[in-house]
Amino acid sequence: MNDARTAWGWGLASVDEQDVTLDVTYPEPQLGPVPDEHDRPAHHFAALATDTADARGVRRVPVFVVSQLDEPIRDATDAYLRLHLLSMRLAKPNSLNLEGMFDKLANVVWTNYGPFAVPGFAEHRLALEAQIMRASAMPCPGVHVMSIDKIPRMVDYVVPTGVRIGDANRVRLGAYLSPGTTVMHAGFVNFNAGTLGTSMVEGRISQGVVVGDGSDIGGGASTMGTLSGGGKLRNSIGEHSLVGANAGIGISLGDHCVVEAGLYVTAGTKITVIDKAKRAAGIPLDVVKGADLSGKDNILFIRNSVTGAIEARGRSKGIELNAQLHRN
């Protein structure tokens, strides 16, 4: 991967009647030094650009954007460029400065006819439906709202190769999905998060969380990210590890780890470390916090079905995903 800390590219922005940028599409963003103006590739948006607003109240405007990736985000065009870099696998999660992103992005009504501004949406919706009916002489299928959010779904901007996504609404722009990744219908991947190899995602990968090669996030499982609690700690999952169905982690998992179904392990969880030699000798077992085991390899986290105590037991090998299933 190019380690340059500058990115640039031509984009096509959607701008509302108040000159607010609603979104930007970047077909071919680049990493590295910005070429001189006469050496820049030309954009090819002439047929798509518009001087006047359409029935949505939106103009399409070509923009040339330069992003200094270690600096805070400057504006919405800069934010969209960085989100594209992540989903296009040009930058890995947690490698870009995303400070200030939410302040620079507008809240947008995302529809099957593209973005609308929130103010005036009802009037613009009716105007677009009437325009479609006049043009087709057929009943309009209607403007369907998919979400109201600051970040759109990824597949409307970037379709990465080698992945499967069961429900496109559950993967946000800025998600990083490596080849071999399968996101099932109930799976979710936030921006600045994702997979670093072949993975099965049936649960939630929260902002800032990365999942290593060969690992599985089980159905209904949760990985604690950095947004909701406002924390700075970034959790991760190593290679060939499993977070079982309806389980969750607030710590990092190393390689070859398993969290049993239904068990949530946080930094403050009290965990009994199973040591067979100590147990055989009658020596009391160590009880530690989850944070003390964060990132360590070869651990099975399990709740003792008799005592109810949460235990950490050793494992000799990791899980193996079905290779045929992930040949995307």
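In this text, all values refer to a predicted model and were calculated from it rather than measured experimentally.

Criteria and cut-off values
Residues numbered from 1 in each chain as written. Predicted model: local features only at pLDDT ≥ 70, side-chain atom pairs only at ≥ 80, totals over all residues. Heavy atoms only, no water. UniProt positions renumbered as here; feature names shortened; annotations may be inferred. Helix = DSSP H or I, 4+ residues; strand = E, 2+ residues; numbered from the N terminus. Buried < 20%, exposed > 50% of the residue type's maximum accessible area, 1.4 Å probe, protein only. Contact = heavy atoms within 4.5 Å. Salt bridge = Lys/Arg side-chain N within 4 Å of Asp/Glu carboxyl O. Pairing = 2+ DSSP bridges.

Turning our eyes to something else, we now look at the UniProt feature "binding site: succinyl-CoA" (unreviewed entry) in the protein. The feature "binding site: succinyl-CoA" (unreviewed entry), as given by UniProt, occupies Arg 204, Gly 219, Ser 222, Ala 245, Glu 260, Ala 261, Gly 268 and Lys 289 in the numbering adopted here. The greatest C-alpha distance among the residues just named is 25.8 Å, and with 86 residues of sequence between them they are spread in space as well. For Ala 261, the location among the structural elements is in the loop between strand S21 (258-259) and strand S22 (264-265). Look at Ala 261 and you get exposed, because its relative accessible area is 51%. Apart from the residues within four sequence positions on either side, Ala 261 is in contact with Gly 244, Ala 245 and Ala 247. Structurally, the position occupied by Lys 289 is in strand S24 (residues 287-289).

Looking now at the pattern of salt bridges. Applying the stated rule across the entire model yields 11 salt bridges. One salt bridge in this structure joins Asp 286 and Lys 278, with 3.0 Å as the shortest N-O distance. Between Glu 311 and Arg 313 there is a salt bridge whose closest N-O contact spans 2.8 Å. You can call Arg 313 partly exposed: its relative accessible area is 34%. Within the structure, one salt-bridge network assembled from shared partners comprises Arg 74, Asp 75, Asp 78 and Arg 82.

Another aspect to go through is the pairing of strand S6 (residues 114-117). Side chains on a regular strand alternate between the two faces of the sheet. One ladder, built from 4 bridges, connects strand S5 (residues 108-111) with S6; its direction is antiparallel. By the bridge assignment, Trp 110 is partnered in S6 with Pro 115.

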